[in-house]
Amino acid sequence: MDKLDCIYTFISVVENGNFSNASRNLGITRDQVSKRIFYLESLFSTSLFTRNTRKMDLTRSGEKFYQRCKVIVKELDLAANDFIYDQKYPEGILKVSAPHAFIQTCFSDIISNFLIQYPNIEIDLLFSEKTSEINEYKFDIILKIEEEVREENIFILNSYKRNFYATAAFLNKYGKPKSIEELRKHNIFLYSRADLENKTINSTPQLICNNIEILGRVKLEVRHKPPN
């Protein structure tokens, strides 16, 4: 039998005067009320009420138990209110790890909108290519880009296909490659994660870097500046 239900029933009997009024107040049968009170009395091996034909008075033990029960119920109500408040207005520090590739996405907008919606939360954001475990640095959230998702208890934000793209100038000069292996003939700038091997194409890139911005800037400079 649930002790908390029994405590609420006991309080109702005290405040409503008898089993019948308590049963109506709680929406249960008088027999259920009686069984719950009997359970408490059996549990503590003492009588909680002095029963007579007119009313039910608390025994000395019953009075002490009633006062304790009122404190228990009040604390439960406070705990429930705190829980509801925390769900509605969360606060604290949220530790997040994400790969550098997220810098080039709408990630900054996501962070901004999150901070506006939850102003009491502080975000500790670390950009890293290292594959970390949640418990290693006590991260709350680790965002990863993976070719194959093997771990359990993870949430997939999105999935996408990776493609090779070429400019019209490249295609006009070299023609459309018929296979990925043909790309080995050209100067490739490769975005690379330090913890992953290049499994897509067996090539020797002219530049390997784990920062998209640097790759883009160097590519533009190389394209528009003639060699010395």
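Residues numbered from 1 in each chain as written. Predicted model: local features only at pLDDT ≥ 70, side-chain atom pairs only at ≥ 80, totals over all residues. Heavy atoms only, no water.

Turning next to the pairing of strand β3 (residues 92-98). For a regular strand, the rule is simple: side chains alternate between the two faces of the sheet. Across seven bridges, the pairing between β3 and strand β4 (residues 121-127) is parallel. Bridging from a neighbouring strand, Ala-98 pairs with Phe-127 of β4. Taken together, the two bridges between β3 and strand β5 (residues 141-142) define a ladder with parallel strand orientation. Bridge pairing in β5 places Ser-97 opposite Ile-142. (Pairing = 2+ DSSP bridges. Helix = DSSP H or I, 4+ residues; strand = E, 2+ residues; numbered from the N terminus.)

Side chains of Leu-4, Tyr-8, Ile-72 and Leu-76 sit close together on the surface and give an oily, nonpolar patch of about 300 Å² of accessible area. Counting residues per element, the ones that place at least two in the nonpolar patch are α1 (3-16) and α4 (60-88). One can find Ile-72 in helix α4. The class of Ile-72 is partly exposed, set by a relative accessible area of 37%. (Patch = residues over 30% accessible without salt bridge, like charges linked within 9 Å, V, L, I, M, F, W, Y side chains within 5 Å. Areas by Shrake-Rupley, 256 points an atom, 1.4 Å probe, with all protein chains shown as cover. Salt bridge = Lys/Arg side-chain N within 4 Å of Asp/Glu carboxyl O. Buried < 20%, exposed > 50% of the residue type's maximum accessible area, 1.4 Å probe, protein only.)

Strand order in the open sheet made by the three strands is β4-β3-β5, with parallel pairing throughout. At either end of the open sheet lies a strand with only one pairing partner, and these are β4 and β5. Along the sheet face, helix α5 (residues 107-117) touches β3 and β4 and points at about 160° away from the line of β4. (Contact = heavy atoms within 4.5 Å. Axes fitted to C-alpha atoms, helices over the stretch in contact; angles between N-to-C directions.)

Right, let's talk about the confidence of the model for the protein chain for a bit. This prediction gives the protein chain a mean pLDDT of 80; 78% of its residues lie at or above 70. Per-element confidence in the protein chain is highest for helix α3 (residues 30-44), whose mean pLDDT is 94, and lowest for strand β6 (residues 189-191), whose mean pLDDT is 65. Contacts from residues 194-198, a stretch scored under 50 in pLDDT, to residues over four places away or in other chains number five contacts. (pLDDT = per-residue confidence, 0-100.)

To continue, consider the pattern of salt bridges. On inspection of all chains with the given rule, the structure shows two salt bridges. The salt bridge involving Lys-70 is made with Glu-15; its shortest N-O contact spans 2.9 Å. Pair noted here: Lys-70 is in helix α4 and Glu-15 is in helix α1, with a separation of 55 residues, a long-range link. The partly exposed category is assigned to Lys-70, whose relative accessible area is 36%.

What follows deals with the packing of helix α2 (residues 19-26) against α3. Packing of α2 against α3 brings their axes to within 8 Å, and their N-to-C directions diverge by 110°. Judged by the inter-axis angle, α2 sits roughly perpendicular to α3. Where α2 abuts α3, its residues Phe-19, Ser-20, Ala-22 and Ser-23 lie against Arg-30, Val-33, Ser-34 and Ile-37. (Parallel < 35°, antiparallel > 145°, perpendicular 65-115°, else oblique.)

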